[in-house]
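Topology and contacts: notes
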Amino acid sequence: MYNFQSESVDRLFDAILCLEDRDECYRFFDDICTIAEIRDMAQRLETAFLIDEGISYQKISDRIGVSTATISRVSKCLNYGSGGYRSVIDRMKEEQS
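Residues numbered from 1 in each chain as written. Predicted model: local features only at pLDDT ≥ 70, side-chain atom pairs only at ≥ 80, totals over all residues. Heavy atoms only, no water.

1. Some thoughts on the packing of aromatic side chains
Applying the stated criterion across every chain, the model contains 1 aromatic pair. Here the aromatic rings of Phe28 and Phe29 are separated by 5.5 Å at their centres, their planes lie at 90°, and the arrangement is edge-to-face. Residue Phe28 is classed as partly exposed on the basis of its relative accessible area of 22%. For Phe29, a relative accessible area of 21% corresponds to the partly exposed category. (Phe/Tyr/Trp six-rings, centres within 6.5 Å; stacked < 30°, edge-to-face > 60°. Buried < 20%, exposed > 50% of the residue type's maximum accessible area, 1.4 Å probe, protein only.)

2. Considerations on the packing of helix α4 (residues 57-64) against helix α5 (residues 68-80)
The contact between α4 and α5 brings their axes to 9 Å, and the two run at 115°. For the element pair α4 and α5, the recorded crossing hand is right-handed. On the side of α4, the interface is formed by Tyr57, Ile60 and Ser61, while α5 contributes Thr68, Ile71, Ser72 and Ser75. A class-by-class count of the residues in the contact of α4 with α5 yields 3 nonpolar, 4 polar and no charged. (Axes fitted to C-alpha atoms, helices over the stretch in contact; angles between N-to-C directions. Helix = DSSP H or I, 4+ residues; strand = E, 2+ residues; numbered from the N terminus. Left-handed = near helix turned anticlockwise from the far one by under 90°. Contact = heavy atoms within 4.5 Å. Nonpolar A, V, L, I, M, F, W, Y, C, P; charged D, E, K, R; others polar.)

3. Side note on the nonpolar core
Among the nonpolar cores identified, the biggest contains 12 residues, and these are Ala48, Phe49, Leu50, Ile51, Ile60, Ile64, Val66, Ile71, Val74, Leu78, Tyr85 and Ile89. Counting residues per element, this core draws most heavily on helix α3 (residues 35-52), which supplies 4 residues. With sequence-adjacent residues up to four places away left out, Tyr85 is seen in contact with Arg44, Leu45, Ala48, Val74, Cys77 and Leu78. (Core = buried A, V, L, I, M, F, W, Y, C linked by side-chain atoms within 4.5 Å.)

4. Overview of α3
Within an α-helix, residues lying three or four positions from one another point in the same direction, as the helix has 3.6 residues per turn. Over its 18 residues, α3 extends 26 Å from the first C-alpha to the last, a length consistent with the 26 Å expected when each residue adds 1.5 Å. Residues of α3 that are buried include every one of Thr47, Ala48, Phe49, Leu50 and Ile51, and no others. Buried positions along α3 lie against α4, α5 and α6 (84-96). Looking one or two residues beyond α3, the residue adopting positive phi is Gly54, at roughly 85°. (Expected span 1.5 Å × (residues − 1).)

5. Side note on the pattern of salt bridges
Enumeration according to the criterion identifies 4 salt bridges in this entry. A single network of salt bridges, built from pairs that share partners, joins Asp52, Arg86, Asp90 and Lys93. (Salt bridge = Lys/Arg side-chain N within 4 Å of Asp/Glu carboxyl O.)

6. Examining a nonpolar patch on the surface
Together, Tyr2, Phe4, Leu12, Phe13 and Ile32 make up a nonpolar patch on the protein surface, roughly 480 Å² of accessible area in all. Turning to its location among the elements, Phe13 is positioned in helix α1 (residues 7-17). (Patch = residues over 30% accessible without salt bridge, like charges linked within 9 Å, V, L, I, M, F, W, Y side chains within 5 Å. Areas by Shrake-Rupley, 256 points an atom, 1.4 Å probe, with all protein chains shown as cover.)

Following this line, the structure appears as structure tokens:
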């Protein structure tokens, strides 16, 4: 299991899963996160997409302004993590085709 699993985290994930559209996501995340937290999560996801496209660390850093340490961490998670990035990337690519 995951080392952060708890009833409160389950409730958080259930809340996210019940959001119906992008506007609800904006409203929910605006209430629950700081703007910096939302931007950080968005940057990490964008980093994962760019790594998946084969973009170099330096180009990713220049393009979206993340450190190479963050890029390295995202890359490690993408390649050796729980598969969360991979499943989202693959699903989103499939929806775009």
